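Per-entry structural report
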Amino acid sequence: MRKLVVAVALLAIVLDRVAVVGVQREIARQIEAKYDLAETPSVQVKGIPFLTQAISGRYEEISIGIGKTEREGVRLERIDATLYGVTAPLSDLIQNASAAEIRADRVTGTVVISRQTLSARAPRGIKVEGTDRDELRVSGNVTVLGNQVPVTADMKIQVVQGGIRLTPTNVKIAGGIPVPNPERYISFTVPVKNLPLNLRITRVKSTSEGLAVQGTASDVPLR
């Protein structure tokens, strides 16, 4: 009897793991197609036992990892997201996955934009760098009245309609050359919209990689 109980328990564990792999693979495929991703995202369903969630057709928490992708001509290094309250009936995933209704009640995520990408969007001659406090700083040359003027500045980060606005503060001009309104030569906007998983920007902070753009969304279709 004991051997039978152990065998049944082991079988349940195996079925649990096999099922979770299948569901994760199918959700990843659906997200890749829905949001036109360059590669299949990683998907990890949280919570044990998995079969309990699968039978109910609702998964309380799913982690998503999306690699390099491009939106509005801006390269995104990666997106780390968490889906909450995902509805995905197991019978639909098994019988007709292409027609399965998969939705998330809520999504939170972080989009990473590298300093190299920011430099590519900056005015000509300006390079985006970091500081010891993980703040953004720019340096380079701006053209003023035909002259190349060396400049450095710290960058203020603002969320604006359709993107992120970087505006210089504490601007320093080398050589003592007077430059009226130097901010106009250095300010620039990085378009950030139409993000996967319908993420909408809520906060942006500077990190050692560049910018970490945090966002949320609700009632998100995954197919």
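Quick caveat: nothing in here was measured; it's all calculated off a predicted structure. (Residues numbered from 1 in each chain as written. Predicted model: local features only at pLDDT ≥ 70, side-chain atom pairs only at ≥ 80, totals over all residues. Heavy atoms only, no water.)

1. Considerations on the confidence of the model for the chain
Quick note on the threshold: What pLDDT expresses is the predictor's confidence in each residue, scored from 0 to 100. Between two residues, a contact is recorded if the distance between any of their heavy atoms is within 4.5 Å.
Model confidence for the chain is summarised by a mean pLDDT of 83, while 83% of its residues fall at 70 or above. Every residue in residues 1-18 is under pLDDT 50, and counting partners more than four places away or in other chains gives 6 contacts.

2. Some words on the nonpolar core
Going by this rule: Each nonpolar core is a collection of buried residues, namely Ala, Val, Leu, Ile, Met, Phe, Trp, Tyr and Cys, held together in the definition by side-chain atoms within 4.5 Å. Summary of the burial criterion: residues with accessible area below 20% of their type's maximum are buried, those above 50% are exposed, and those between are partly exposed, where the area comes from a 1.4 Å probe applied to protein chains only. Strands are runs of DSSP state E lasting at least 2 residues, helices are runs of H or I lasting at least 4, and numbering of each runs from the N terminus.
The biggest cluster of nonpolar side chains holds 54 residues, and the ones touching the most others in it are Ile31, Ile62, Leu83, Val107, Leu197 and Leu222. Per-element accounting of this core gives the leading share, 5 residues, to helix H1 (residues 2-34). If we skip the residues at most four places from it in the chain, Leu222 touches Gln30, Ile31, Lys34, Leu83, Val86, Ile102, Arg103, Ala104 and Leu197.

3. Let's talk about the side chain of Ser206
Tracing the backbone shows Ser206 in strand E12 (residues 200-206). The contact partners of Ser206, leaving out residues within four places of it in the chain, are Asp134, Glu135, Leu136, Ile157 and Leu211.

4. Some remarks on the pattern of salt bridges
The cut-off we apply is this: Whenever a carboxyl oxygen of Asp or Glu lies within 4 Å of a side-chain nitrogen of Lys or Arg, that contact is scored as a salt bridge.
Considering all chains together, one arrives at 9 salt bridges under this definition. The salt bridge partner of Arg103 is Asp219, with a shortest N-O separation of 3.0 Å. In this pair, Arg103 is assigned in strand E6 (residues 103-114) and Asp219 in strand E13 (residues 210-221), connecting sequence segments 116 residues apart. Taken together, the salt bridges that share partners define one network made up of Arg58, Glu60 and Asp105.

5. Points about the layout of surface pockets
The following threshold applies: Any residue with an atom within 4 Å of a point lines the site, the site being either a cavity, points on a 1 Å grid over the protein atoms alone where a 1.4 Å probe fits but cannot get out, or a pocket, an open set with protein on both sides within 12 Å along at least 5 of 7 lines. Grid points are joined across faces, edges and corners, and a volume is the space filled by probe spheres set on the points. Ten residues, namely Ala, Val, Leu, Ile, Met, Phe, Trp, Tyr, Cys and Pro, are considered nonpolar, four, namely Asp, Glu, Lys and Arg, are considered charged, and the remaining ones, Gly among them, are considered polar.
Of the voids in this model, the largest pocket is the one considered here, and its volume is about 200 Å³. Counting residues per element, the ones that place at least two in the lining of the largest pocket are strand E9 (147-160) and E12. Across the lining of the largest pocket, the residue classes tally to 5 nonpolar, 4 polar and 2 charged.

6. Quick word on the pairing of strand E10 (residues 163-173)
As a reminder, the rule being used: A strand pair is defined by DSSP finding two or more bridges across the two strands.
With 9 bridges connecting them, E9 and E10 associate as antiparallel partners. Across the sheet, residue Met155 finds its bridge partner in E10, namely Pro168.

7. Digging into the sheet that holds strand E11 (residues 188-191)
Stated precisely, the cut-off is as follows: Fitting a line to C-alpha atoms yields each axis, with helices limited to the stretch in contact; the angle taken between N-to-C directions then spans 0 to 180 degrees.
Across the sheet, 5 strands lie side by side as E7-E8-E9-E10-E11; this open sheet has antiparallel pairing. Sheet topology places strand E7 (126-130) and E11 at the edges, where each strand pairs with a single neighbour. On average, adjacent strands in this sheet sit at an angle of 30° to one another, irrespective of strand direction.

8. Considering the environment of Met155
Considering the arrangement of structural elements, one finds Met155 in strand E9. The spacing of Met155 and Leu136 is 19 residues in sequence and 5.5 Å in space, taken between C-alpha atoms. Other than its neighbours up to four places away in sequence, Met155 contacts Leu136, Arg137, Val138, Leu166, Thr167, Pro168, Ile186 and Phe188.

9. A word on unusual backbone geometry
Phi is positive for Asp36, which is not a glycine, with a value near 50°. Topologically, Asp36 is positioned in the loop between H1 and strand E1 (42-45). Look at Asn198: it is not a glycine, yet its phi comes out positive at around 60°. Secondary-structure assignment places Asn198 in the loop between E11 and E12.

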